[in-house]
Amino acid sequence: DWRDLAVSVDKELGTTLGTVLQLSHKIQQRQWTVFNALRKPERAVVNIQPLDFERRSGYLTMGENMWHGGDQIGREDRRESDMGWMHQPANFVIEQQDEDTWWIL
């Protein structure tokens, strides 16, 4: 799900905590606009990937570090048929690996 959200940060007085709290407030109050895919190359993208650690029906969500890449044994390297990614000013992923570990990539 994609949304456009503007956050204003003062260069001299802004803090990480202040920015996160402002972002949290804007999300809770639904102060976003509809995502415009044509403007994506102009935007900084932040992708937040929290995990749900509640056991449900015997299943528990695992971090991507536990399964990323799948089975690679005997697999030949091939050129991808997909087109390359469009570069943009900034692209961040805030990913939760486990209950106590977060990564900013």
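Our subject is the structure listed above.
The present account deals with the structure reproduced in this document.

1. Some words on the overall build of the protein
Working step 1: Looking only at helices and strands, the protein has 1 helix and 5 strands in total.
Working step 2: Starting at the N terminus and walking to the C terminus, you meet the elements of the protein as β-α-β-β-β-β.
Working step 3: For the protein, buried positions account for 9% of its 105 residues.
Working step 4: In the protein, the proportion of contacts linking residues at least 24 apart, taken out of those at least 6 apart, comes to 60%.

2. Here's the deal with unusual backbone geometry
Working step 1: Phi is positive for R30, close to 55°, though the residue is something other than glycine.
Working step 2: Looking at the element boundaries, R30 is found in the loop between α1 (16–28) and β2 (33–34).

3. Quick word on the sheet that holds strand β4 (residues 90–98)
Working step 1: One open sheet accounts for 3 strands, arranged β3-β4-β5; its pairing is mixed. One side of each edge strand has no neighbouring strand; the edge strands of this open sheet are β3 (44–49) and β5 (101–104). The average angle at which neighbouring strand axes cross in this sheet is 10°, direction not considered.

4. Here's the deal with the environment of V46
Working step 1: By the secondary structure assignment, V46 is in strand β3.
Working step 2: The class of V46 is partly exposed, set by a relative accessible area of 47%.
Working step 3: Along the backbone, V46 and N91 are 45 residues apart, and their C-alpha atoms lie at a distance of 6.0 Å.
Working step 4: The residues contacting V46, other than those within four sequence positions of it, are F92 and I94.

5. Overview of the environment of R43
Working step 1: Assignment of secondary structure puts R43 in the loop between β2 and β3.
Working step 2: Assessed through its relative accessible area of 29%, R43 is described here as partly exposed.
Working step 3: R43 sits 39 residues away from D4 along the chain, and the two C-alpha atoms are 8.8 Å apart.
Working step 4: Residue contacts for R43: discarding those within four places in its chain leaves D4, Q88, P89 and A90.

6. Regarding the pattern of salt bridges
Working step 1: Counted according to the given criterion, the structure contains 2 salt bridges.
Working step 2: A salt bridge links D4 to R43; its shortest N-O distance comes to 3.9 Å. On the criterion of sequence distance, the pair formed by D4 in strand β1 (residues 3–4) and R43 in the loop between β2 and β3 is long-range, its members being 39 residues apart.
Working step 3: Here E42 and R39 are joined by a salt bridge, their closest N and O atoms 2.9 Å apart.
Working step 4: Given a relative accessible area of 49%, E42 falls into the partly exposed group.
Working step 5: Its relative accessible area of 35% is what places R39 among the partly exposed residues.

Definitions and cut-offs
- Residues numbered from 1 in each chain as written.
- Predicted model: local features only at pLDDT ≥ 70, side-chain atom pairs only at ≥ 80, totals over all residues.
- Heavy atoms only, no water.
- Helix = DSSP H or I, 4+ residues; strand = E, 2+ residues; numbered from the N terminus.
- Buried < 20%, exposed > 50% of the residue type's maximum accessible area, 1.4 Å probe, protein only.
- Contact = heavy atoms within 4.5 Å.
- Pairing = 2+ DSSP bridges.
- Axes fitted to C-alpha atoms, helices over the stretch in contact; angles between N-to-C directions.
- Salt bridge = Lys/Arg side-chain N within 4 Å of Asp/Glu carboxyl O.

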